[in-house]
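Chains, contacts and geometry: an overview
Below, each chain spelled out in residue letters.
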Amino acid sequence: MTNLYLLALLPPEDLSRQIHEIRLECAEKFGVQKSLKIPVHISLYRPFRVEEAFEKHLIRLLTSAASGLKAFEQTLENFEAFDMHAVVIHAKKNQGITALHSAIASVFKKNEIDKLPPGNKNFPFRPHVSIAYRDILPEIFPQIWEEYKDRKFKRHFRVNHFSLLKHDETQWNLFKDFKLSDTVQQTELFD
């Protein structure tokens, strides 16, 4: 049996609550509900399917990848839009999140996990936290974007682990955390 998984950074509980309040506000005001069905997170790799029997091996591979990476500070700053399909909080790229994403992508490529079907392509890594996506009607998008485009938002949090989530056909559930080294890595933020 195959299961659906997601690798993500889960912000601390208090920050997740703050962001969820923004998602609730957007849902109530504009009738967009899809983002409420997922935990507040930054995706590190697109959702993927693997056989349940492969779980233990996947965990070993990801544990190994995490062992060489250092904890880092992550900044979330302001809102951005993706092609009238999503409104998100921008997660600033830095050495820590870029190294983490690269390590995970390398594990998937090297072990031939989740190969894309012919004709599909990987999109560039754009770390973000979704506020509204997938169910935004074209006529509603300009109203949502007008509400958030100039709104200021800036928060920082320490990343000392990443998480593997597993979907149970109803919702995403935390399946396993992977610890990073506790030494905080000095990062240079870049756009």
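See above for the structure.
About the criteria used
- Residues numbered from 1 in each chain as written.
- Predicted model: local features only at pLDDT ≥ 70, side-chain atom pairs only at ≥ 80, totals over all residues.
- Heavy atoms only, no water.
- 1 Å grid on protein atoms, 1.4 Å probe; cavity = no way out; pocket = protein on both sides within 12 Å on 5 of 7 lines; lining within 4 Å.
- Points joined across faces, edges and corners; volume = space filled by probe spheres on them.
- Helix = DSSP H or I, 4+ residues; strand = E, 2+ residues; numbered from the N terminus.
- Nonpolar A, V, L, I, M, F, W, Y, C, P; charged D, E, K, R; others polar.
- Buried < 20%, exposed > 50% of the residue type's maximum accessible area, 1.4 Å probe, protein only.
- Arc of directions from axis to C-beta.
- Phe/Tyr/Trp six-rings, centres within 6.5 Å; stacked < 30°, edge-to-face > 60°.
- Salt bridge = Lys/Arg side-chain N within 4 Å of Asp/Glu carboxyl O.
- Axes fitted to C-alpha atoms, helices over the stretch in contact; angles between N-to-C directions.
- Left-handed = near helix turned anticlockwise from the far one by under 90°.
- Contact = heavy atoms within 4.5 Å.

Empty space within the largest pocket amounts to approximately 1,500 Å³. Lining the largest pocket are 43 residues, with Ser43, Arg46, Pro47, Phe123 and His128 positioned closest to its centre. Of all the elements in the fold, those that place two or more residues in the lining of the largest pocket are β2 (42-51), β4 (86-91), α3 (95-110) and β5 (128-133). For the lining of the largest pocket, the leading source of residues is β2, giving six residues. Residues that form the lining of the largest pocket fall into these classes: 21 nonpolar, 10 polar and 12 charged.

Before going further, it helps to examine helix α4 (residues 141-148). Buried residues of α4: Phe141, Ile144 and Tyr148, and no others. For α4, the buried positions fall inside an angular range of 65° around the axis, keeping them on one side.

Below, the discussion takes up the packing of aromatic side chains. Applying the stated criterion across every chain yields a total of eight aromatic pairs. Judged by centre distance (5.7 Å) and plane angle (25°), the rings of tyrosine 5 and phenylalanine 48 are stacked. Of this pair, tyrosine 5 sits in strand β1 (residues 2-9) while phenylalanine 48 sits in strand β2, and the two are 43 residues apart along the sequence. Residue classification places tyrosine 5 among the buried positions, given a relative accessible area of 0%. Residue phenylalanine 48 is classed as buried on the basis of its relative accessible area of 1%.

Right, let's get into the environment of leucine 24. For leucine 24, the position within the fold is in helix α1 (residues 13-30). Taking C-alpha positions, leucine 24 is 37 Å from alanine 53, a pair spaced 29 residues apart along the chain.

On inspection of all chains with the given rule, the structure shows 10 salt bridges. Note that arginine 126 is salt-bridged to glutamate 80, the shortest N-O span being 3.6 Å. Taken as a pair, arginine 126 in the loop between α3 and β5 and glutamate 80 in strand β3 (residues 70-82) lie far apart in primary sequence, 46 residues in all. Assessed through its relative accessible area of 42%, arginine 126 is described here as partly exposed. The exposure class assigned to glutamate 80 is buried, which follows from its relative accessible area of 19%. Among the salt bridges present, the one from lysine 149 reaches glutamate 146, with a minimum N-O distance of 3.3 Å. According to the relative accessible area criterion, glutamate 146 is exposed, its value standing at 52%. If you follow the salt bridges from partner to partner, you end up with Glu25, Lys29, Glu147 and Arg151 in one network.

With that settled, consider the packing of helix α2 (residues 55-67) against α3. Relative to each other, α2 and α3 sit at 140°, their axes nearing to 10 Å. The handedness of the crossing between α2 and α3 comes out as right-handed. Contacts from Leu58, Leu61, Leu62 and Ala65 in α2 reach Ala103, Ile104, Val107 and Phe108 in α3.

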